[in-house]
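Inside the fold
The primary structure of each chain is shown beneath.
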Amino acid sequence: MLKRSDTSLLRVATPQTVITLILVACAPSVQTTTGGPPRAAAVFPSGWHYPSGKSATFAERAMVASGSRLASEAGVEILRAGGNAVDAAVAVGFALAVAYPEAGNIGGGGFMVIRLADGRTAALDYREVAPGAAYREMYIDSAGQLTKAGLIGRAASGVPGAVAGLTEALARYGSLPLDKVMAPAIRMAAEGIEVDSALSASIGGKAAIIREFGGGRVFLPGGSAPAPGTRLVQSELAETLRLIATEGASGFYRGRVAEMIAAEMQRGCPPGVAERRRASNGCGLMTTRDLEQYKPAWRTPLHTTYRGYSLISMPPSSSGGITVGESLNILEGFQGLPPFGSAEQVHVVASAFQRAFVDRNSKLADPAFATVPVEQLTSKSYGLQLQKTISLDRHTPTTELPNYSSEGMETTHYSVVDAQGNAVATTTTLNELYGSGVWIPGGGFFMNDEMDDFTSQPGKPNLFGLIQGERNAIAPRKRMLSAMSPTIVLDPRGKVLLVLGGRGGPRIITSTAQVILNVIDNRMTLSDAMSAPRIHHQALPDTLRYENGGLDAAALERLKAMGYAVQGLRNIGASVVAIMRVRGGWEGMDDPRSTGAAVGY
Ligand code: DON
């Protein structure tokens, strides 16, 4: 039995740094490690609601972790049938579109980071692009006010990239045919899935928007959300998935499905409305030509390091890799982090995020439209330069940071490792829960509202409170900047240690980084690293967010005295999915803040 009173402080020397560890002397049951000092149950503040010392799902050979148990099982089904991690990831992607319709999708987009057992790495960008008819001020009304059209309704969608991305990943790195990896998703859509309490609640929470745009026919039988335990059959979606399984991506981007999407964009649109007034009149802009022209992009994966560990992550059009990498480079400038949960530790971590977000919000954008200084932002010397701007006893207001410029949910992550050692980290999204709300009749799927990730109006916050710059302004066929951060961490021997990512807009970046810090600096087990209280800082608003109960009163007072404006939240608003190598196999889990599951064998 663990006894909290048995804690002792131990300082452990590593080649790079000295790490302060809080070890529980008698905790062999939670010691899961692959080298380095043992991991023991962490000590969380007494008011914190997730316990430490719990176990994640363990498997010896292979693991799939996602926001939906059914989707994780679909991935394992494909692995057991001889598929590799990419086959399984594609199976999970399509299965999530059925079992996790609030975020899993074929009407959205995402990013996939791959690390093969032979050491090759790849990064696939299948982010949505703005329709060809999109224009800079499309969400600003005649009074100069930002409208909701970038979030709700037909004009909110970028051209979906999910089907093109998943089929492209399979074609290049998969080993099984498309119809085989899509079989579990097709079966779930055609035969139905059992609705659990989480799905029932998520549909119920968005009933109004689902009803408004036609999805109620499937998702609100009898006018309300299906009760837990009932079956949800999605015949139209099954038909669309069958078409994709037979014809490949063109089953979605050309012909029947593409025409259904384009027709839906016109529904309810007043006749003769001027091109530049379409968005404000509820008309969609996407055409069959936009769909036909969509292409995913293979990117050079972003490679950064942290205290001897290597990170493989997503470059733009996601900001995830750069912002996680830059934050960790800043923190590496400290000889070791202050003890977990102390005001000093929260301060340095928040300050690193704050500085990295200033760059994120002003310098990052679709690389086809802006020159992004990737090497500079991820260099160690730049990290050190920013680290030196952190005063140890005082918060620096964002507007006083040297590189500050006044220019101005729902996502899901899944991780797969196979028995050969291939690893895949994928994050996909519709943006908000059920995206724009627009459901394609006949096609059976929801469209994204990803256009809100652009800078719709410089100086004005988007859904996530992000105040972003000119570089991320709307332009035809441009990808909107994302925060999705699928990441693979290698240990100092070059072996996969972590495969992770999350959902929650900009909080994806800070939550992913904190799980990495918890594993590397704080030597936590996977379960503790995921259960530990988190903080968030995104430069603007210049507020330190923390989870209620996650900071003790003294630390909170000290942070206020340092000059922080603080905001306590029930939940930080992000959740992470992760797999971690442990002695004898793998551990995997969805965030305790969420309802998914890891399945392995
Ligand atoms: O790409 C992005 O950064 C956002 N569209 C992600 C949205 C998200 O994570 C919502 N989930 N809770």
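Presented here is a report on the structure given in the accompanying data block. (Residues numbered from 1 in each chain as written. Predicted model: local features only at pLDDT ≥ 70, side-chain atom pairs only at ≥ 80, totals over all residues. Heavy atoms only, no water.)

**Details of the state of the cysteines**
Throughout the structure, instances matching the rule amount to one disulfide. With its sulfur 2.1 Å from that of its partner, C269 forms a disulfide with C283. Judged by the torsion about the S-S bond (85°), the C269/C283 disulfide is right-handed. Separated by 14 residues along the polypeptide, C269 in the loop between α10 (256-266) and α11 (288-293) and C283 in the loop between α10 and α11 bring together distant segments of the chain. By relative accessible area, which is 16% here, C269 ends up buried. (Disulfide = S-S within 2.5 Å. Helix = DSSP H or I, 4+ residues; strand = E, 2+ residues; numbered from the N terminus. Buried < 20%, exposed > 50% of the residue type's maximum accessible area, 1.4 Å probe, protein only.)

**Observations concerning the nonpolar core**
Core analysis: the largest hydrophobic core is formed by 86 residues, its most contacted members being F94, I106, L241, F252 and I261. Counting residues per element, this core draws most heavily on helix α2 (residues 85-99), which supplies 13 residues. Here I261 is in contact with F252, M286, L291, I440, F445 and M447, once residues within four sequence places are set aside. Judged by nonpolar contacts, the second largest core, of 67 residues, contains L302, A352, L551 and M562. (Core = buried A, V, L, I, M, F, W, Y, C linked by side-chain atoms within 4.5 Å. Contact = heavy atoms within 4.5 Å.)

**Some remarks on the sheet that holds strand β16 (residues 487-490)**
Across the sheet, seven strands lie side by side as β3-β22-β21-β17-β16-β11-β10; this open sheet has antiparallel pairing. Whereas interior strands pair on both sides, the edge strands pair on one side only; in this sheet they are β3 (57-59) and β10 (302-306). For this sheet, the mean inter-axis angle between neighbouring strands, taken without regard to orientation, is 20°. Pairing analysis gives four bridges linking strand β11 (residues 309-313) to β16, with the strands arranged antiparallel. Across the sheet, residue S313 finds its bridge partner in β16, namely T487. (Pairing = 2+ DSSP bridges. Axes fitted to C-alpha atoms, helices over the stretch in contact; angles between N-to-C directions.)

**Section: the packing of aromatic side chains**
Within this structure, the stated rule accounts for nine aromatic pairs. Taking 6.5 Å as the distance between ring centres and 65° as the angle between the ring planes, the aromatic pair formed by F219 and Y434 counts as edge-to-face. Residue Y434 is classed as buried on the basis of its relative accessible area of 0%. Each ring, one from F219 and one from F446, has its centre 5.1 Å from the other, and the planes form 45°; the classification is tilted. Across this residue pair, the class does not change: F219 and F446 are buried. A network of ring pairs unites the aromatic residues F252, Y253, Y294 and F445 as a single cluster. (Phe/Tyr/Trp six-rings, centres within 6.5 Å; stacked < 30°, edge-to-face > 60°.)

**Thoughts on the site of the ligand**
Around the ligand, 16 residues are found, and the nearest of them are T411, E450, D453, S482 and A483. Taking N431, its side chain carries an N or O atom lying 2.7 Å from a nitrogen atom of the ligand. One of the backbone N or O atoms of G504 is found 2.8 Å from an oxygen atom in the ligand. Considered on its own, the ligand offers 340 Å² of accessible surface; in the complex 98% of this is hidden by protein. (Near = heavy atom within 4 Å. Polar contact = N/O pair within 3.5 Å; in protein donor to acceptor, adjacent residues only side chain to side chain. Areas by Shrake-Rupley, 256 points an atom, 1.4 Å probe, with all protein chains shown as cover.)

**Details of the pattern of salt bridges**
Applying the stated criterion across every chain, the model contains 26 salt bridges. One salt bridge in this structure joins R254 and E292, with 3.9 Å as the shortest N-O distance. Taken together, the residues span a long stretch of sequence, with R254 in the loop between α9 (250-253) and α10 and E292 in helix α11 at a distance of 38 residues. The exposure class of R254 is partly exposed, given its relative accessible area of 46%. Between R558 and E344 there is a salt bridge, with the nearest N and O atoms lying 3.1 Å from each other. Given the relative accessible area of 33%, R558 is considered partly exposed. The class of E344 is partly exposed, set by a relative accessible area of 31%. One salt-bridge network, in which partners are shared between bridges, spans R127, E128, E450 and D453. (Salt bridge = Lys/Arg side-chain N within 4 Å of Asp/Glu carboxyl O.)

**Focus on the pairing of strand β17 (residues 496-503)**
Counting buried positions over the eight residues of β17 gives eight, a clear majority of the element. For β16 and β17, the ladder comprises four bridges, and the chain directions are antiparallel. Note that in β17 the partner of L490 across the bridge is V496. Linking two consecutive strands that pair antiparallel, namely β16 and β17, is a turn of five residues; a positive phi of about 90° is found at G494 within it. Looking at chain direction, β17 and strand β21 (residues 575-582) are connected through six bridges and run antiparallel. Note on β21: the bridge partner recorded for L500 is A578.

**Let's talk about unusual backbone geometry**
Geometrically, the link from P316 to S317 is a cis peptide bond, its omega value of 25° lying close to zero. Looking along the chain, the bond that leaves L540 and enters P541 is cis, with omega of -5°. As for its position among the elements, P541 is in the loop between β18 (535-536) and β19 (543-547). In this model, R307 sits at a positive phi of 45°, which is unusual for a non-glycine residue. For R307, the location among the structural elements is in the loop between β10 and β11. Judged by relative accessible area, which is 6%, R307 ranks as buried. The residue N431 is not glycine, and still its phi comes out positive at about 80°.

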